[in-house]
Amino acid sequence: MTLNNILDKKELQLQYITDESGKKTAVILSLSKFDELIDKTTQLAKQATKLQKTLQSSYQEIKGLQAALTRAETTHPQSDKLKEKLLLLKEHYEWLNKIVAELRKYEPLQREMEHKLQILRFINMIDTKQQEIGRKLGELKKLNQYVTLSHVPALPTPFVKNESLFNEIKTKLLAEISSKQRSPIVLQGHSGIGKSVMAAALGHDTDIQHAFPDGIYWLRLSAEADLLERQVALVHALDEKSTIDFVEIKGGAERLRKLCATRFCLIILDDVLDAQELTAFNLIGQHCQLLITTPDNNFLEFAQYFLTTPAEAYKIKPFTEQQAAEFVSHYVEDIPVNMVRACDYSPFVLKLITNVASKLDSSELIERLQDKEYEFHDNYPRSLMLALHINVEALGESADYYLALAVFGDYSQIPQIVVLILWRYLYQLGDNEAIKIINQLADKGLLQIDESSSQRTLSLHTFQREYLEAEAELDKLHEHILAAYRRQCNQHGWVSGPNDGYFFKYLCMHLHYARRDNELKQLLLDFDWIQNKLKATTVPALLNDYEWLEDKDIERIKKVLSEAALSLLKNKQALADQLLDNLWGDESLQDNKDIQALLNQAKEAAPDWQWQPDFPTWTE
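Reference entry: report on the structure contained in this document. (Residues numbered from 1 in each chain as written. Predicted model: local features only at pLDDT ≥ 70, side-chain atom pairs only at ≥ 80, totals over all residues. Heavy atoms only, no water.)

A look at empty space enclosed by the protein
- One pass over the full model with this rule turns up two cavities of 30 Å³ or more.
- One number sums up the size of the largest cavity: a volume of about 50 Å³.
- Every residue along the wall of the largest cavity is listed here: Q181, R182, P184, F281, N282, L283, C288, Q289, L290 and L307.
- Of the residues contributing to the lining of the largest cavity, the split by class is six nonpolar, three polar and one charged.
- When its volume is computed, the second largest cavity comes out at roughly 40 Å³. (1 Å grid on protein atoms, 1.4 Å probe; cavity = no way out; pocket = protein on both sides within 12 Å on 5 of 7 lines; lining within 4 Å. Points joined across faces, edges and corners; volume = space filled by probe spheres on them. Nonpolar A, V, L, I, M, F, W, Y, C, P; charged D, E, K, R; others polar.)

A word on the side chain of D526
- As for its placement among the helices and strands, D526 is situated in the loop between α23 (517-524) and α24 (527-536).
- Buried charge D526 goes without a salt bridge, the closest partner of opposite sign being R486 at 9.9 Å.
- Discounting chain neighbours no more than four positions away, the residues touching D526 are V495, L598 and Q601. (Helix = DSSP H or I, 4+ residues; strand = E, 2+ residues; numbered from the N terminus. Buried < 20%, exposed > 50% of the residue type's maximum accessible area, 1.4 Å probe, protein only. Lys, Arg positive; Asp, Glu negative; His and termini not counted. Salt bridge = Lys/Arg side-chain N within 4 Å of Asp/Glu carboxyl O. Contact = heavy atoms within 4.5 Å.)

Thoughts on the nonpolar core
- Within the largest apolar cluster, 112 residues are counted, with the highest numbers of intra-cluster contacts made by Y402, F408 and W423.
- Formed by 30 residues, the second largest nonpolar core is a distinct cluster that contains I267, V272, A280 and F281. (Core = buried A, V, L, I, M, F, W, Y, C linked by side-chain atoms within 4.5 Å.)

With respect to the packing of helix α22 (residues 503-513) against α23
- Here α22 crosses α23 at 155°, and the two axes come no closer than 8 Å. Viewed along their axes, α22 and α23 adopt a mutual orientation that is roughly antiparallel. Here α22 contributes L507, C508, L511 and H512 to the contact with α23, which in turn contributes D517, E519, L520, L523 and L524.
- Here the contact of α22 with α23 is composed, by residue class, of six nonpolar, one polar and two charged. (Axes fitted to C-alpha atoms, helices over the stretch in contact; angles between N-to-C directions. Parallel < 35°, antiparallel > 145°, perpendicular 65-115°, else oblique.)

A look at the sheet that holds strand β5 (residues 216-220)
- With parallel pairing, the six strands of this open sheet are ordered in space as β3-β5-β6-β7-β4-β8. A single partner strand is all that each edge strand has here, and the edge strands are β3 (149-150) and β8 (312-315).
- By the bridge criterion, four bridges tie strand β6 (residues 266-270) to strand β7 (residues 289-294) in an arrangement that is parallel. Considered in β7, the bridge of L266 is made with Q289.
- Each of β3, β4 (185-188), β5, β6 and β7 is contacted by helix α7 (residues 195-204), which is oriented at about 155° to β7, the strand it contacts most.
- The strands touched by helix α9 (residues 227-238) within the sheet are β3, β5 and β6, with β5 carrying the most contacts at an inclination of about 165°. (Pairing = 2+ DSSP bridges.)

Focus: the pattern of salt bridges
- Going through the model one piece at a time under the given rule, you end up with 25 salt bridges.
- With a shortest N-O distance of 3.3 Å, E224 and R465 are connected by a salt bridge. Note that E224 is positioned in the loop between β5 and α9 and R465 in helix α20 (residues 462-471), a separation of 241 residues in sequence.
- Taken together, the shared-partner salt bridges in this structure form one network comprising E229, R230, D410 and K505.

What to know about the packing of aromatic side chains
- Applying the stated criterion across every chain, the model contains 17 aromatic pairs.
- With centroids separated by 6.1 Å and ring planes inclined at 40°, the aromatic side chains of W494 and F503 adopt a geometry described as tilted. Each member of the pair, W494 together with F503, is buried.
- Grouping aromatic residues by their ring pairs yields a cluster made of F408, Y485, W494, Y502, F503, F504, Y506 and W529.
- Stacked on the ring of F166, the Lys or Arg K161 has its end atom at 3.8 Å from the ring centre. (Phe/Tyr/Trp six-rings, centres within 6.5 Å; stacked < 30°, edge-to-face > 60°. Lys NZ or Arg CZ within 6 Å of the ring centre and 35° of its normal.)

Function-wise, these values are silent; they only describe arrangement.
Shown next, in the form of structure tokens:
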């Protein structure tokens, strides 16, 4: 057996890892090929031992020939033949010696590879045992009848579902997997088609709940959603005792991976508009499943760049004619077939039309659903936007109340208490009357209500928000909400605003959109505001406010706060010390009245702080 026969690179099917210059830096082998390589290396070691014995006999033969030549006369008839034989034998000996030397190099490699193989087998044994324990743990958890449903929306009444598609997706969710990560599942379809309802139905299914006993968690990723805030919310939902130790999305994703590594949980990301947002929730875990809804038909094309495992997509289709008839029958006694067709068999469009079917003549409704003059955003089905428009017009006086919802930041989480404040100021509505109107809007499908937490929140679909923004007078609404909140503050102004879960988070946004940037700058350079904002929200939320203005002073404060972010995460009371440590001794700021006023406020908040100048280190 030759050396080439023993170590044939093609036979081993080697795959290489290369650096940027193309140089091979490592080789990739499967475990079976690794075993095969060790066997062949062992053969090489045995071959070396065999050749070593041949070398020894060759050496003895050479010594014998040399002695014979020494004894022989130079004129001896056999001397020339002996010399020729000796020369050939020496060449053969040297050749064998080189081969043995090369083969001996494989002896430590053999020992090292055997050691690595033992480690790999040990890891494989542990991994198999871990999977076995994980399965047993999952079975035990499934015995628990109470599964956490975090913000999973209630199912609408009536709920007409596509049984075959529902069962197909359910089977996929319940399937056992052999890989170390579940493939994300994507529900695709245009707005109003029922993606979110299908996802909610899966979340409420008993078998699905038993399969994911560590909880089912729902996150709306609207166009204005703060991804870092969503990560923090999910971390707390998964583990109430968790402390937040990250200020960037990358750190949040890593924390979520660790939390979900051994959990049997289903994470539902609803209304994902940008595939890049998946980097914040790209979970890795054998038992953790990601379910995504999106209106983007090209979503998978871009999602592959942000997921570690390829996703599987399911297309949500419109109702059949029979399903549409069954759905509509829960709202109205009869509806013309041509009206159902004008609604494109879309569940949401049908729901909106049934709201006004008793008020408007059916022929007029069909005509309005086919209107080609009214302009809407091209991202949404025209029938959906027209049905929404017809509904808003039919609201009468309440239409103004509804349009006012366009002003709020993050339309997927609007605290009801803030809506009451605005409507009380704008329309002199009492809280009871305002809540009644909110409930009526929810019944019509014009907004959704989430009562799963201590504070009741409202949300809008993306197409509803874009319609409201197009129809409302946003500039005036920003001024109105500022005026409404001003009444909630005492003589100390914005600093003394209410900690209602909205005010401190979005005040700076409203000031910016109301074009009150001078007032915004004064606020961002006010220590009392910074401190109160930090107490009421988070470090990332505080840093976000400094993005609203392009200003040298604002950039300076933002830089200090950014560098101190991790320290402030651990101790928000360290704010004054951080500002003073970084800015007090800066001679370039001595004539800056705004920053000096900020530092004097910080000094009052930290009377024990002492400045320690940073002297340069002198070197010879």
